[in-house]
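Commentary on secondary and tertiary structure
Single-letter residue listing:
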Amino acid sequence: MLVQLLSFAVVIASQPRELSCADSVSCSNPQPAAVVVGKGVSISPKGMKCGAIAPKFSRAGYWDAEGSPRRVETLTTGWEFSLDNFRTHKKVVLPHSIDEGEIGFEASGGVNRQQPAWYRRSFMWKRNGARQFLHFEAIMGKSRITLNGNVVAEHFGGYLPVHAEVTGLLKEGKNLLEVWCDNSNDPTYPPGKGQEVLDFTYFGGIYRDAYLIETGEAYVSDTDKGGVWITSNLGDDGVWTVKADVAIGGNTEGANVELFYDGKRVSSPFRPQSPALWSPESPNLHWLRVDVLKDGKLTDRVNVRFGIRDFKMTLDGFILNGRPYPRKLIGANRHQDYLFIGNALPNSLHWRDVKKFKDCGMTIFRCAHYPQDPAFMDACDELGMFVIDTTPGWQFWNRKCPQFEQRVYDDIEKMVRRDRSRPSLLFWEPILNETYFPGRFTTNAVAVVKRNTMPPNDICACDKQSQGSEVCDVKYAHGAIPGEVAFRREWGDYVDDWRAQNSPSRVLREWGEYPMVKQSLHYMGFLDGLKAQPQSHFGGCLWHGTDHSRGYHPDNFYGGILTYARQKKYSWYAFKAALTDCPFVFPAHELSSCSPVQVTVFSNCAYEATLLGRPFVPDKTEFCCHLQRSIARSESNNAKQGGDTQNKFAATLPDGSKISVLPAKRLAGICLSLDTEGLAPIANGSDLVAVVATLVDAAGTPKRYCTEALRFSVEGEADIVGENPQVTRWGEAVVLVRPKVSAKPRPIRIRAETVRKGKYVPSAGELVFTPGASDVCTSSLGGRGEEAGLRQVEAQQSDFESKD
């Protein structure tokens, strides 16, 4: 396994900082150093960083402010869940999928539950403010929310917030909150398409966060009612202007708003002096504090995070902050589902998704095909990824139900009001994906956007062939359009026909080296074509960033550069070589007896390398890849006689860094690692972190062409989520671990061992980490004794054959 030597990391706290190649975070799946199987030897002498990054996530649309009378309680724990109206039930935490524990690596073909579900939560309450609200970030499908027997909200749609005032309905003492939801097919609200003909999946449940909010008599409204709306513009005089509009609710008589920026009171609009600007390379963020006072008394206070940036799409290219952007905007489409948990990702998993795509050089996401979790948007703001925000919809228009069309307009308005202040927001896609709708719809949809925002955040896009496309600012197209600004919404996936759906882009990681190299080269060919487009065509998004589930097909979509568990395929490294400037070399080859005869190396820099003891001189260069035919088997065998000093791929980068890849030898043990991306798991009852178990030889080299059934166990305050036992894929097994709520978290020990037993089966692996800690977590291999027996067999075999 290769260690990623140089990677991007961005930490946005109170101070902005520049993004540089020198920034790095510890690899969450590190290359073991000089490991032998013995008496519980540590995989890495120094251990590995569990997490050193502390991103800031919004709650119910805002960030907490010191000294605020507003109280926000996250409704994570204490829920009971039922599929039969509480004839039976179990305890769960939010976010929650009604399929948790039932879906595995293949969640397509309609295997997900499509039915009503019931939730309830009893809780004690004591008044802290004059006004109370419930806020659900999203509930899949139709939903009804009841508090103490009173229906407080009914909602149609699965991707936008449900916000309800409950003032006067809470009781001092015990209260009962109930939620009914149904993700079954319903053509009366968007997306509307039946799941059996859908290219994604409506996983049911309360799958995003929920909150109970208390404020004073006058308060900052939720985003549906306007909230806080911030825009920034660069004037012709070179001066930046920031404008903030604040909508307040409740008893507003005698109420006023005060704004504070950089510790000083300001009025809107204001002109920050020499502000640190937001861009993908330097995603600097700023804070605006909003105070609401009624009759001179503070009744509400929130923080709002924003970036100062301006942009234009022109026939001469994309202009960011007054300067031509030096490269195409290249990114990926993103569905939100994840292995084992459907759509119910905690904030940390959204953040890690963004981090992985940022690290391979991408600069933009297209939300497919609905607004994403606020935590995902927070991460895009923080890490520097542009976003195309899309309204829920896919290949469906209900001509017989006028209510469907009106609900689309309602979704567009909610989406725009929720996300219009975000620096990551590039443009809106207010139309329904790949849908035949009337021209009036495009006109009306764009009008909803325009009346709820202003330049530059009012840009709209649709396909050039869509009815009414002339009212949109950006046209989706494969190539440039004379006189138009264009972008490619989906690229890279190419099937033989829609019934067979065979494509070189669709490759499972466990299929091995040749298919993954084939996928990588296929994508690099598309990428080169995209880069060659005129400046008026300013970029495009890969279909699709990760493997994902879908309703109409028995297989998951396998075209991701990350697996369903977010593990990297070779194509991730190809994109890193093609899109980043930090010196990088990755040999896409396992040096095994079953490996391809060609060695493919992804690189963005000059390097010196050897393969099996001989200079590695590429026969040809294609895209960002160096290809060379392997050394003949007889020469390879001779190299092996020289030991590990020759039997490897070794490269030296321009900065003097060295990498090497060894062929895996006899299977020896299991190495465990946390896939944190530098963000430590926390003990809040809902957080999840992936634990990866890798089969390795005695030196810690991953043994990919090997299959074992592994059983995971946990000691400490945590639960395992996922298939257990589990058969390895590409030499790995993945489960999710959920730490339980704890004010003082204690160490959690994860163990993976083979299901089969025997003296020389691979030794078990263990990993210990403490939730919330940014210090070292340790991974170890348990001992299995010496290998004298194997050496004796090997010696006799060699001696016998030498006498032939």
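1. Here's the deal with the overall build of the protein
Looking only at helices and strands, one finds 8 helices and 47 strands in the protein. The buried share of the protein, reckoned over its 804 residues, is 60%. In the protein, once contacts between residues fewer than 6 apart in sequence are set aside, the share between residues at least 24 apart is 70%. Entry remark: accessible area of the protein is about 31400 Å², with carbon and sulfur atoms responsible for 49%.

2. A word on helix α3 (residues 402-419)
One full turn of an α-helix is made of 3.6 residues, so residues set three or four places apart face in the same direction. Between its first and last C-alpha, α3 extends 27 Å over 18 residues, near the 26 Å set by a 1.5 Å rise per residue. By the burial criterion, the buried members of α3 are F404, E405, R407, V408, Y409, D411, I412, K414, M415, V416, R418 and D419.

3. A few points about the nonpolar core
In globular proteins that are soluble, nonpolar side chains generally tend to be buried together. With 44 residues, the main nonpolar core has M362, I561, F575 and F602 as its most contacted residues. Contributing elements (two or more residues each) for this core: β23 (329-334), α1 (347-359), β24 (364-367), α2 (374-383), α5 (513-531), α6 (570-579) and β36 (625-629). Take this core: its biggest share by element is 7 residues, from α6. Those residues in contact with F575 that lie beyond four places of it in its chain are C360, M362, W491, Y523, M524, L527, L542, I561 and T580. Within the second largest apolar cluster, 27 residues are counted, among which are V162, A164, L177 and L212.

4. Looking at the side chain of D337
By the element assignment, D337 lies in the loop between β23 and α1. For D337, the side chain forms a polar contact with the side chain of S549, separated by 2.7 Å. Apart from residues no more than four positions distant in its own chain, D337 is found in contact with F203, G342, N343, L345, H548, S549, Y564 and R566.

5. Section: the pairing of strand β9 (residues 162-165)
Going residue by residue along β9, you find V162 and A164 tucked away on one face and H163 and E165 left uncovered on the opposite face. Bridge analysis of strand β6 (residues 131-136) against β9 gives 4 bridges, and the strand direction is antiparallel. By the bridge assignment, F136 is partnered in β9 with V162.

6. A look at the packing of aromatic side chains
This structure, assessed with the given rule, holds 40 aromatic pairs. When the ring of F200 is compared with that of Y202, the centres are 5.8 Å apart and the planes differ by 80 degrees; the resulting orientation is edge-to-face. For the pair formed by F200 and Y202, the shared burial category is buried. Relative to F575, the ring of Y523 has its centre 6.1 Å away and its plane inclined at 50 degrees; by these criteria the two rings are tilted. You can see Y523 sitting in helix α5 and its partner F575 sitting in helix α6, a full 52 residues away along the chain. Residues Y523 and F575 agree in their burial class; the two are buried. Over the aromatic face of F86 sits the side chain of R120, whose NZ or CZ is 3.8 Å from the ring centroid.

7. Focus on the pairing of β24
Of the two faces of β24, the one lined by I364 and R366 and the one lined by F365 and C367 are each fully buried. Relative to β24, β23 is paired through 4 bridges, and the arrangement is parallel. What sits directly across from A332, in β24, is F365. Between β23 and its parallel partner β24, the chain crosses via α1, and the hand of that crossover is right-handed. Bridge count between β24 and strand β25 (residues 386-390): 3 bridges; the pairing is parallel. Paired with I364 across the two strands is F386, which belongs to β25. Handedness of the crossover joining β24 and β25 through α2: right-handed.

Cut-offs used in this document
Residues numbered from 1 in each chain as written. Predicted model: local features only at pLDDT ≥ 70, side-chain atom pairs only at ≥ 80, totals over all residues. Heavy atoms only, no water. Helix = DSSP H or I, 4+ residues; strand = E, 2+ residues; numbered from the N terminus. Buried < 20%, exposed > 50% of the residue type's maximum accessible area, 1.4 Å probe, protein only. Contact = heavy atoms within 4.5 Å. Areas by Shrake-Rupley, 256 points an atom, 1.4 Å probe, with all protein chains shown as cover. Expected span 1.5 Å × (residues − 1). Core = buried A, V, L, I, M, F, W, Y, C linked by side-chain atoms within 4.5 Å. Polar contact = N/O pair within 3.5 Å; in protein donor to acceptor, adjacent residues only side chain to side chain. Pairing = 2+ DSSP bridges. Phe/Tyr/Trp six-rings, centres within 6.5 Å; stacked < 30°, edge-to-face > 60°. Lys NZ or Arg CZ within 6 Å of the ring centre and 35° of its normal. Right-handed = clockwise from strand over helix to strand, strands pointing away.

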